[in-house]
Amino acid sequence: MILLKALKLLFMHPLDVLGHSLIKANGRPDYSTKTTDAYHQQNIFIGKNVQLAGYLNPGSGGKITIGDNVAIGHYTSIIAEQYDGIRDSRQDVRALPRKYREITIGNGVWIGNSCIIIANVGEGSVIGAGTVVVKDIPSFVVAFGNPAEVKAHRIVFSADRV
């Protein structure tokens, strides 16, 4: 219940950053914070059993959906907006119109520390630390780098093969 109250407080303003300094257990940061219930606030949807490490910046504007059983490392940003018309040097960049999009992080995804996510991440994928995701990442792959590149495919076992 305390976690849900903290999440609601944090996602109320686009500049809010989800950090350990605001989610505490017994006066100390909780470094293994997990959501046990689905969460929704404004345009941010978080599934069940999602582990959010410190200082997740959910950006502002567009819709962000994080699936079930996802782990997101420290200092990660998920950005669902961009400025439109930035090539026109006659305009003040602060006054440019914004373009909003939907970003979906699939079920069972693991995102390492210090990543920037600007595109979708498919189900069961692993995103290495420090990766910048600018194009959609397919399901069940390992990707890392700047920009992100698929480096390996994960083996998918069906229930009858286990």
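Parameters and conventions
Residues numbered from 1 in each chain as written. Predicted model: local features only at pLDDT ≥ 70, side-chain atom pairs only at ≥ 80, totals over all residues. Heavy atoms only, no water. Helix = DSSP H or I, 4+ residues; strand = E, 2+ residues; numbered from the N terminus. Buried < 20%, exposed > 50% of the residue type's maximum accessible area, 1.4 Å probe, protein only. Contact = heavy atoms within 4.5 Å. Areas by Shrake-Rupley, 256 points an atom, 1.4 Å probe, with all protein chains shown as cover. Pairing = 2+ DSSP bridges. Phe/Tyr/Trp six-rings, centres within 6.5 Å; stacked < 30°, edge-to-face > 60°. Lys NZ or Arg CZ within 6 Å of the ring centre and 35° of its normal. Salt bridge = Lys/Arg side-chain N within 4 Å of Asp/Glu carboxyl O. Polar contact = N/O pair within 3.5 Å; in protein donor to acceptor, adjacent residues only side chain to side chain.

Caption draft 1: Fine view of the overall build of the protein. Across its full length, the protein carries one helix and 18 strands. Counting across all 162 residues of the protein, residues that qualify as buried make up 37%. For the protein, the share of sequence-separated contacts (at least 6 apart) that also reach a separation of at least 24 residues comes to 28%. Roughly 9,700 Å² of accessible area belongs to the protein as shown, and the carbon and sulfur atoms make up 54% of that amount.

Caption draft 2: Examining the sheet that holds strand β16 (residues 132–133) more closely. In space, the three strands of this open sheet follow the order β9-β14-β16, with parallel pairing throughout. Of all the strands in the sheet, just β9 (77–78) and β16 have a single pairing partner and so form its edges. Alignment of β9 against strand β14 (residues 116–117), held across two bridges, turns out to be parallel. Residue Ile78 lies in a different strand from β14, and its bridge partner there is Ile117.

Caption draft 3: Expanded view of unusual backbone geometry. Along the chain, Asn146 connects to Pro147 via a cis peptide bond; the corresponding omega equals 0 degrees. Its location among the elements puts Pro147 in the loop between β17 (141–144) and β18 (149–153). Although it is not a glycine, Ser114 adopts a positive phi angle of roughly 55 degrees. Here Ser114 is to be found in the loop between β13 (110–111) and β14. When its relative accessible area of 40% is taken as the criterion, Ser114 is described as partly exposed. For Phe140, which is not glycine, the phi torsion reads 55 degrees and is therefore positive. Along the chain, Phe140 falls in the loop between β16 and β17.

Caption draft 4: Expanded view of the packing of aromatic side chains. Scanning the entire structure with this criterion turns up zero aromatic pairs. In this structure, Lys63 packs its charged tip against the face of Phe45, placed 5.1 Å from the ring centre. Here the basic side chain of Lys151 rests over the ring of Phe144, its NZ or CZ set 5.4 Å away from the ring centre.

Caption draft 5: Structural detail: the pattern of salt bridges. Throughout the structure, instances matching the rule amount to two salt bridges. One salt bridge connects Arg98 with Glu81, and the closest N-O pair in it is separated by 3.3 Å. You can see Arg98 sitting in strand β11 (residues 98–100) and its partner Glu81 sitting in strand β10 (residues 81–83), a full 17 residues away along the chain. Looking at Arg98, the relative accessible area reads 40%, which means it is partly exposed.

Caption draft 6: Fine view of the environment of Ser125. Within the secondary structure layout, Ser125 lies in the loop between β14 and β15 (126–127). Sequence-wise, Ser125 and Ser139 are 14 residues apart; in three dimensions their C-alpha atoms are separated by 5.6 Å. With sequence-adjacent residues up to four places away left out, Ser125 is seen in contact with Gly108, Val109, Trp110, Ile137, Pro138, Ser139, Phe140, Val141 and Arg154. Separated by 3.2 Å, the side chain of Ser125 and the backbone nitrogen of Phe140 make a polar contact.

Caption draft 7: View of the pairing of strand β7 (residues 63–66). Here β7 shows one buried face, formed by Ile64 and Ile66, and one open face, formed by Lys63 and Thr65. As paired strands, strand β5 (residues 44–46) and β7 are joined by three bridges and run parallel to one another. Considered in β7, the bridge of Ile44 is made with Ile64. Relative to strand β12 (residues 102–105), β7 is paired through four bridges, and the arrangement is parallel. Its bridge partner being in β12, Ile66 is matched across the sheet by Ile105.

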